[in-house]
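Topology and contacts: notes
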Amino acid sequence: WVALFLRREDNMAWHLAVAAGAIAFGVQGIDTPTTFDGGRTLGWELDEQVPGIEALYVQVGGGALATSVSRGVGGARLFPVQAEGCAPLRRAWTLLEPRFEFSVAATNPTMFMWPWEPTPTSAAEGILDDVTYDWLTLLEQTRITDGEPIVVPESVIVAAPDVALTHTGVSVSATGAAGLAGLMHQPPDQTNVAAIIFTGSAPDTPGRT
């Protein structure tokens, strides 16, 4: 039988089921490490099709996508992107600065990551996880690649889908274009090749990605 982990409030039941012999199945790498394998294939494809990627902007809710894609793109600086209405990852990063003692964070996770308050809000609804589940792995990967988490103003989040449509012809949702919003808000210095990922179509154009 399979233990399916979908919501934070299901976490205890999920762990009990896995301990009792269930096969782990979920979308977060912290609980299901094989989750990272699927995302890495996106990184490998990017790396193969676009040589020389120097910066990678990926929208972050739970954090598994950004972590895994970054592992597949060799040499790119990772910039995880969240909206200003829900940015627990950047908060944890700030608390860890400047020494970044990840071993301390692993031992005392609630000192650095806890649910976002007030209630998360943004047009990018798909990344409004109140905690970044894979935050520690993601911040370690961000640090290793000399990147940093980016918090984007809501006005840029809202504008990004129109920019995507204008320049690429792709109709993408605010969630799916949040990586582009990060690039728009904070472009990297001295970088010629930056990559983003569109992860969802706009509501009025189902099926287009």
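Residues numbered from 1 in each chain as written. Predicted model: local features only at pLDDT ≥ 70, side-chain atom pairs only at ≥ 80, totals over all residues. Heavy atoms only, no water.

1. Focus on the overall build of the protein
When helices and strands are tallied, the protein shows 8 helices and 6 strands. Put simply, the protein runs from its N terminus to its C terminus through helices and strands in the order β-α-β-α-β-α-β-α-α-α-β-α-α-β. Out of the 209 residues belonging to the protein, those deemed buried represent 47%. Put simply, of all contacts in the protein between residues at least 6 apart along the chain, 64% involve residues at least 24 apart. When the accessible surface of the protein is summed, it comes to about 10,500 Å², and 56% of that surface belongs to carbon and sulfur atoms. (Helix = DSSP H or I, 4+ residues; strand = E, 2+ residues; numbered from the N terminus. Buried < 20%, exposed > 50% of the residue type's maximum accessible area, 1.4 Å probe, protein only. Contact = heavy atoms within 4.5 Å. Areas by Shrake-Rupley, 256 points an atom, 1.4 Å probe, with all protein chains shown as cover.)

2. A few points about helix α8 (residues 178-185)
Taken residue by residue, α8 has A178, G179, L180, A181 and G182 as its buried positions. The inward-facing, buried residues of α8 contact β3 (55-59), β4 (77-83), β5 (150-152), α7 (154-168) and β6 (194-196).

3. Let's talk about the nonpolar core
Within the largest apolar cluster, 26 residues are counted, with the highest numbers of intra-cluster contacts made by L56, L96, W135 and L139. Going through the elements one at a time, β3, α3 (64-72), α4 (88-96), α5 (102-107) and α6 (135-144) are the ones with two or more residues in this core. When residues no more than four places from it in sequence are discounted, the contact partners of L139 are L89, A92, W93, L96, F102 and P149. With 20 residues, the next largest nonpolar core counts Y57, V152, A164 and A181 among its residues. (Core = buried A, V, L, I, M, F, W, Y, C linked by side-chain atoms within 4.5 Å.)

4. Here we look at the packing of α3 against α6
The N-to-C vectors of α3 and α6 enclose an angle of 35°; their axes lie 9 Å apart at closest approach. Crossing of α3 over α6 shows left-handed handedness. Every residue of α6 that contacts α3 at A66, T67, S70 and R71 is listed here: T137, L138 and Q141. A class-by-class count of the residues in the contact of α3 with α6 yields 2 nonpolar, 4 polar and 1 charged. (Axes fitted to C-alpha atoms, helices over the stretch in contact; angles between N-to-C directions. Left-handed = near helix turned anticlockwise from the far one by under 90°. Nonpolar A, V, L, I, M, F, W, Y, C, P; charged D, E, K, R; others polar.)

5. Brief notes about the packing of aromatic side chains
Enumeration according to the criterion identifies 4 aromatic pairs in this entry. Considering the side-chain rings of F100 and F102, the 6.1 Å spacing of their centres and the 35° angle between planes classify their relative orientation as tilted. The exposure class assigned to F100 is buried, which follows from its relative accessible area of 9%. Both rings, one in F112 and one in W135, keep their centres 6.4 Å apart while their planes meet at 25°; by these two values the pair is stacked. (Phe/Tyr/Trp six-rings, centres within 6.5 Å; stacked < 30°, edge-to-face > 60°.)

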